[in-house]
Amino acid sequence: MGSRASTLLRDEELEEIKKETGCEFGQITRLYSRFTSLDKGENGTLREDQVNFRGFMRTLAHFRPIEDNEKSKDVNGPEPLNSRSNKLHFAFRLYDLDKDDKISRDELLQVLRMMVGVNISDEQLGSIADRTIQEADQDGDSAISFTEFVKVLEKVDVEQKMSIRFLH
Amino acid sequence: IIQRDESPMEKGLSGLRGRDFELSDVFYFSKKGLEAIVEDEVTQRFSSEELVVTLAFIGIGLLVMGTTLVGQLPESSLKNWLSELVHLTCCRICVRALSGTIHYHNKQYKPQKGGICVANHTSPIDVLILTMDGCYAMVGQVHGGLLGIIQRAMVKACPHVWFERSEMKDRHLVTQRLREHIADKKKLPILIFPEEMFGLLAINMDERSRHLIFNWNAFSFLFSQYNPQFGDAFWNSSKYNMVSYLLRMMTSWAIVCDVWYMPPMTREKGEDAVQDGGLKRAKVKDTFKEEQQKNYSKMIVGNESLNSEAN
């Protein structure tokens, strides 16, 4: 599949993905093989959410360890996808389901529900959500904005927690 | 492509047991999810695509050549033995080309000569998978193309019951041929799929034939089930022709299949076993997710109840 993958992925696209994500050529083609093997319907996307390969790579790029950036330090370029700030943005978007730049109580409850299944009652889950918002909320709007989110996580080693080690 | 982080949930959530939910928990789950999507062990398989296709061609080629050669021999037990050998060997090569891992259960109930075996039909490669464990006589229509070549070759070496399309309409011919095959105790067990069974039931046949064919003591059953996580064996014939379907099968991760031979039983018991098999498949996926959810819940609720007590 090595040769087949690289002919299906156009050279310009390959260059763009390389620049955008910071991944190497070999890594990208292997991930493309992987993507196409998962893409059963062969329409270039994964699942109902319709993630195409660019989107898939962009998501994956958030999880690159920060050390990898040392060699390709481009001070004038755009912020790499795997910077601490972008990693936090990514995580924030996981909670902010309606994309209004705030994590509301409802959204937090939904995400919590996904993580615990049926094992915790609505009441208990509600109090967990309330406590979390209480601790994070600083402007009193009973929701968590991105700034508040960042503040809560300032002591967390985001770089380490949100990193997947890629082999070369 | 990646080095997976194998640390358990508690460690990944920077936890001692009984810590509260934190907003940072989502990092762990999203990382795990993405790792699972990218997982490396399988990707390496794809570099041997060319080898796999070659293997398949060798398997089919050998089958055609082998059966033609064996077909030249006069009827004898040697011929039957050789024919089975050719079938089994080529089958094994082909299944290897599909990266097949097949487990056969309850081999003591394998169908014997002179009987009929009913199997469920999931994909065109069902036959391949079942034949790997023993030779059967097939029933069905002669196809054109690649499949037809294989069919015609197979019949030279040992008797199968292939029908031309025109012959299928002639019920008497169908029943007569089946009768003859079953009556000969030396012939291989017939492999039949439920669709064909229903077709047979619909045919108006005489008492003697009906008695012979539907002698339930001569029936055995087996149930095959594919593990869909590894390779989807379903063939959408409107979208793919046989050859491209086979190519897809060969480049999928693996074909993992379980075959259960069922003990002789009454009809109701047979239905139960099939239902149970289907239920098992659905259950496994959910229970895995539920287990993860339970573990995580234990972690965060344990501490919560402590908290409320303290307050």
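The residue count restarts for each chain, going from 1 along the sequence in the order it is written. Each chain is given a letter, starting from A, and each ligand a number, starting from 1, according to the order in which they appear as written. In keeping with the model being predicted, local features are shown solely for residues with a pLDDT of at least 70 and side-chain atom pairs are shown and tallied solely at 80 or more, while totals for entire chains, interfaces and linings include all residues. To get the side-chain values, take all heavy atoms of the structure and skip hydrogens and water.

Here's the deal with the overall build of chain A
Consideration 1: In this text, helices come from DSSP runs of H or I with a minimum length of four residues, and strands from runs of E with a minimum of two, each type numbered from the N-terminal end. Per the secondary structure count, chain A includes 9 helices and 5 strands.
Consideration 2: In sequence order, the secondary structure elements of chain A are arranged as α-α-α-β-β-α-α-β-α-α-β-α-α-β.
Consideration 3: Here the term buried applies to any residue with accessible area under 20% of the maximum for its type, exposed to any over 50%, and partly exposed to those in between, with areas from a 1.4 Å probe on protein chains only. Split into buried and exposed, the 168 residues of chain A put 44% on the buried side.
Consideration 4: Residues are treated as being in contact if the distance between any of their heavy atoms lies within 4.5 Å. For chain A, long-range pairs separated by at least 24 residues make up 52% of all intrachain contacts whose partners lie at least 6 apart in sequence.

What about the pattern of salt bridges?
Consideration 1: The working definition used for a salt bridge is a side-chain nitrogen of Lys or Arg within 4 Å of a carboxyl oxygen of Asp or Glu. Counted under the stated rule, the structure contains 12 salt bridges over all chains.
Consideration 2: A salt bridge links A:Glu135 to A:Arg131; the shortest N-O distance between them is 3.3 Å. You can see A:Glu135 and its partner A:Arg131 sitting in helix α7 (residues 122-136), 4 residues apart, about one turn around the helix.
Consideration 3: For B:Asp133, the salt bridge goes to B:Lys110, with nearest N and O atoms at 3.9 Å.

Comments concerning helix α6 (residues 105-116) of chain A
All names here are of chain A.
Consideration 1: The span expected for a helix works out to 1.5 Å for each residue beyond the first. Look at α6: 16 Å from first C-alpha to last across 12 residues, which is about the 16 Å you get at 1.5 Å a residue.
Consideration 2: Buried within α6 we find Glu-107, Leu-108, Leu-109, Val-111, Leu-112, Met-115 and Val-116.
Consideration 3: Once α6 finishes, Gly-117 follows within two positions and takes phi at roughly 65°, a positive value.

Let's talk about the UniProt feature "domain: EF-hand" (unreviewed entry) in chain A
Residues and elements named next belong to chain A.
Consideration 1: Following the UniProt record, the feature "domain: EF-hand" (unreviewed entry) maps to residues 83-118 and 124-159 here.
Consideration 2: In residues 83-118, the share of helix is 67% and the share of strand is 6%. The end C-alpha atoms are 35 Å apart.
Consideration 3: The span residues 124-159 is 61% helix and 6% strand, and its two end C-alpha atoms sit 31 Å from each other. UniProt positions are given in the numbering used here, feature names are shortened, and annotations may be inferred rather than shown by experiment.

Quick look at the confidence of the model for chain B
All names here are of chain B.
Consideration 1: On average, residues of chain B score 71 in pLDDT, and 65% of them are at 70 or above.
Consideration 2: Along the chain, pLDDT gives the predictor's confidence residue by residue, from 0 to 100. Looking across chain B, the model is least confident in helix α3 (residues 40-43), with a mean pLDDT of 48, and most confident in helix α2 (residues 25-38), with 85.
Consideration 3: Within the model, pLDDT remains below 50 along residues 266-284, and this stretch shows 11 contacts once partners closer than five positions in the same chain are excluded.
Consideration 4: In the predicted complex, the global pTM is 0.48; the interface-specific ipTM is 0.82.

Thoughts on the confidence of the model for chain A
Consideration 1: Of all residues in chain A, 81% attain a pLDDT of 70 or more, and the chain-wide mean is 82.
Consideration 2: Long-range and interchain partners of residues 1-7 of chain A, a stretch whose pLDDT sits below 50, account for 10 contacts in this model, where long-range means more than four residues apart.

Things to note about the nonpolar core
Consideration 1: In this structure, A:Phe53, A:Tyr95, A:Leu108, A:Phe149, B:Phe21, B:Phe27 and B:Ile300 are the most contacted members of the largest nonpolar core, which totals 52 residues.
Consideration 2: Breaking this core down by element, the ones donating at least two residues are α2 (11-21), α3 (25-38), α4 (53-61), α5 (84-95), α6 and α7 of chain A together with α2 and α13 (267-310) of chain B.
Consideration 3: If one sorts the elements of this core by residue count, α6(A) sits on top with 6 residues.
Consideration 4: Where each domain starts and ends follows an automatic or database-derived domain assignment. Formed jointly, this core draws a minimum of three residues from each of two domains, domain 1 (11-62) and domain 2 (76-167) of chain A.
Consideration 5: By nonpolar core is meant a set of buried Ala, Val, Leu, Ile, Met, Phe, Trp, Tyr and Cys residues that side-chain atoms within 4.5 Å join together. Core analysis: the second largest hydrophobic core is formed by 36 residues, B:Ala56, B:Val95, B:Leu191 and B:Met242 among them.

Quick look at the interface of chain B and chain A
Consideration 1: Across the contact, 42 residues belong to chain B and 47 residues belong to chain A.
Consideration 2: In this description, buried area is defined as the sum, over both parts, of the accessible area (probe of 1.4 Å) that is lost when the two are combined. Buried area between chain B and chain A, summed over both chains or domains, comes out near 3900 Å², and the portion from carbon and sulfur atoms is 66%.
Consideration 3: Our count for the contact surface shared by chain B and chain A stands at 0 salt bridges.
Consideration 4: Whenever a nitrogen or oxygen atom comes within 3.5 Å of another N or O atom, the pair is scored as a polar contact, on the condition that within protein one atom can donate a hydrogen and the other can accept it, and that pairs from neighbouring residues in sequence are kept only if both atoms are in side chains. Viewed at the interface, chain A and chain B are joined by 4 residue pairs in polar contact (both at pLDDT 80 or more).
Consideration 5: Of all the secondary-structure elements, those providing two or more residues to the side of chain B that touches chain A are β1 (2-3), α2, α3 and α13 of chain B.
Consideration 6: Looking at the side of chain B that touches chain A element by element, the count peaks at 10 residues for α2(B).

Thoughts on the packing of aromatic side chains
Residue and element names in this part refer to chain A.
Consideration 1: Pairing of aromatic rings covers Phe, Tyr and the six-membered ring of Trp, with a centre-to-centre limit of 6.5 Å; geometry is then stacked below 30 degrees between planes, edge-to-face above 60, and tilted otherwise. Taken as a whole and judged by the stated rule, the model has 12 aromatic pairs over all chains.
Consideration 2: Between Tyr-32 and Phe-53, the ring centres sit 4.8 Å apart and the planes meet at 85°, which makes this aromatic pair edge-to-face. Placement of the pair is Tyr-32 in helix α3 and Phe-53 in helix α4, with a sequence separation of 21 residues. Residue Tyr-32 shares its accessibility class with Phe-53, and that shared class is buried.
Consideration 3: Grouped by ring-pair contacts, the aromatic residues Tyr-32, Phe-35, Phe-53 and Phe-56 constitute a single cluster.

Here we look at the environment of B:Trp235
Residue and element names in this part refer to chain B.
Consideration 1: One can find Trp-235 in the loop between β7 (219-226) and α12 (242-251).
Consideration 2: Of the residues examined, Trp-235 reaches a relative accessible area of 26% and is grouped as partly exposed.
Consideration 3: Through-space distance from the C-alpha of Trp-235 to that of Met-249 is 9.5 Å; in sequence the pair is 14 residues apart.

Things to note about a nonpolar patch on the surface
Consideration 1: Taken together, the side chains of B:Leu73, B:Leu78, B:Trp81 and B:Leu85 define a hydrophobic patch exposed on the protein surface, amounting to about 400 Å² of accessible area.
Consideration 2: The topology assignment puts B:Leu85 in helix α5 (residues 77-97). In this scheme, patches are assembled from residues that exceed 30% relative accessible area and form no salt bridge. Like charges are connected within 9 Å, while nonpolar side chains (Val, Leu, Ile, Met, Phe, Trp, Tyr) are connected within 5 Å. Areas reported here follow the Shrake-Rupley algorithm with a probe of radius 1.4 Å; residue values treat only the protein chains shown as occluding.

What to know about the pairing of strand β3 (residues 116-119) of chain B
Residue and element names in this part refer to chain B.
Consideration 1: In β3, alternate side chains face the same way, and those of Ile-116 and Val-118 on one face and Cys-117 and Ala-119 on the other are all buried.
Consideration 2: Bridging between β3 and strand β6 (residues 190-192) involves 3 bridges; their strand directions are parallel. Within β6, the residue paired with Val-118 across the bridge is Ile-192.
Consideration 3: Bridge count for β3 against β7 is 4 bridges, and the pairing is parallel. Across the sheet, residue Val-118 finds its bridge partner in β7, namely Phe-221. When DSSP finds two or more bridges between two strands, those strands count as paired.

Remarks on the packing of α6(A) against α7(A)
All names here are of chain A.
Consideration 1: Fitted lines through C-alpha atoms serve as axes, helices being fitted only where they are in contact, and the angles separating the N-to-C directions of these axes extend from 0 to 180 degrees. Here α6 crosses α7 at 125°, and the two axes come no closer than 10 Å. As judged from the angle between their axes, α6 and α7 are oblique. Between α6 and α7 the crossing geometry is right-handed. Contacts from Arg-105, Leu-108, Leu-109, Leu-112, Arg-113 and Val-116 in α6 reach Asp-122, Leu-125, Gly-126, Ile-128, Ala-129, Asp-130, Thr-132 and Ile-133 in α7.
Consideration 2: Polarity classes work like this: nonpolar for Ala, Val, Leu, Ile, Met, Phe, Trp, Tyr, Cys and Pro, charged for Asp, Glu, Lys and Arg, and polar for all others, with Gly in that last group. Here the residues of the contact of α6 with α7 sort into 8 nonpolar, 2 polar and 4 charged. Each angle is binned into one of four classes, with values under 35 degrees roughly parallel, values over 145 roughly antiparallel, values of 65 to 115 roughly perpendicular, and all other values oblique. By the definition used in this description, the sense in which the near helix is turned from the far one sets the handedness, with an anticlockwise turn below a right angle giving left-handed and a clockwise turn giving right-handed.

With respect to the side chain of A:Thr29
Consideration 1: Relative to the elements of secondary structure, A:Thr29 occurs in helix α3.
Consideration 2: Take A:Thr29: its relative accessible area is 12%, and that puts it in the buried class.

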